[in-house]
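# Structural overview
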Amino acid sequence: MNGTETDTAWAKQALRDVTLRATAARVAVLKLLASKGVPMSHSEVVESLAEFGFDQSTLFRCLNEMAHAGLLSRLDLGDHTRRFELKKSSDEAEFTHAHFMCVDCGELQCMDDYSLQITPSRGPRRNNLGTITEIMIRGHCGQCN
Ligand SMILES: [Zn+2]
Ligand SMILES: [Zn+2]
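Everything numeric here is computed off the predicted structure, so don't read it as measured data.

## Quick notes on helix H4 (residues 56–68)
- Compared with an ideal rise of 1.5 Å per residue, which puts 13 residues at 18 Å, H4 spans 18 Å between its outermost C-alpha atoms and is within 8% of the ideal.
- When we look at burial in H4, the residues that qualify are Leu59, Cys62, Leu63 and Met66. Taken end-on, H4 shows its buried residues confined to a sector of 95 degrees, consistent with a single buried face. Among the exposed residues of H4, those pointing more than 90 degrees away from its buried face are Ser57 and His68.

## A look at the domain arrangement of the protein chain
- With domains assigned, the protein chain is organised as domain 1 (3–86) and domain 2 (98–139).
- Once you take the C-alpha centre of each, domain 1 and domain 2 turn out to be 24 Å apart.
- Contacts between the two partners involve seven residues from domain 1 and, on the opposite side, seven residues from domain 2.
- Looking at the side of domain 1 that touches domain 2, its residues break down into four nonpolar, two polar and one charged.

## With respect to the nonpolar core
- Membership of the largest hydrophobic core comes to 17 residues, with the highest contact counts inside it found for Val29, Leu33, Leu63, Met66 and Leu72.
- Broken down by secondary-structure element, the contributors of at least two residues to this core are helix H1 (3–17), helix H2 (24–36), H4 and strand S3 (82–86).

## Some points on the sheet that holds strand S5 (residues 108–111)
- Ordered by their spatial adjacency, three strands build an open sheet running S5-S4-S6, and the pairing between neighbours is mixed. Two strands close off the open sheet at either side, each with one partner strand: S5 and strand S6 (136–139). Sheet twist, expressed as the mean angle between neighbouring strand axes with direction ignored, is 25 degrees.
- Inspection of the sheet shows strand S4 (residues 98–102) paired to S5 by four bridges, in the antiparallel sense. If you follow Ala98 over to S5, its bridge partner there is Met111.

Each value, and the rule that gives it
Residues numbered from 1 in each chain as written. Chains lettered and ligands numbered in written order. Predicted model: local features only at pLDDT ≥ 70, side-chain atom pairs only at ≥ 80, totals over all residues. Helix = DSSP H or I, 4+ residues; strand = E, 2+ residues; numbered from the N terminus. Expected span 1.5 Å × (residues − 1). Buried ≥ 20, exposed ≤ 12 C-beta atoms within 10 Å, placed from the backbone. Arc of directions from axis to C-beta. Domains from an automatic or database assignment. Contact = placed C-beta atoms within 7 Å. Nonpolar A, V, L, I, M, F, W, Y, C, P; charged D, E, K, R; others polar. Core = buried A, V, L, I, M, F, W, Y, C linked by C-beta atoms within 7 Å. Pairing = 2+ DSSP bridges. Axes fitted to C-alpha atoms, helices over the stretch in contact; angles between N-to-C directions.

Below you can see the structure in the form of structure tokens.
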């Protein structure tokens, strides 16, 4: 079995696990996000899957359905672009990893090989802090530095 077949089998199983039908579009989106390994916007997904001829609105629906089913995380990184990424762990942590955005080229990277913990330096945690969903770190990437 080659890599692509393995990925397809994995994507179908992942969809079955959350009781979504394994449509061609959903399988293609999952495989794309798995292979890129970084959060992608709807328009980036549309562009990357252009050769398959999926409808833009189909892909938009896929992304939201799979996010709703818990397969994808929806990220709002403060630049008015909603992005989606494959959930890397099933635990219900507030956030699983921080993201790094290059201020020069805008490239986004998952910092899932860094550990980061936010704990109050004194006293109990403030209630009005609510839930932390994202930690963004900005800087110059290796390419632009
Ligand atoms: Zn850069
Ligand atoms: Zn990420």
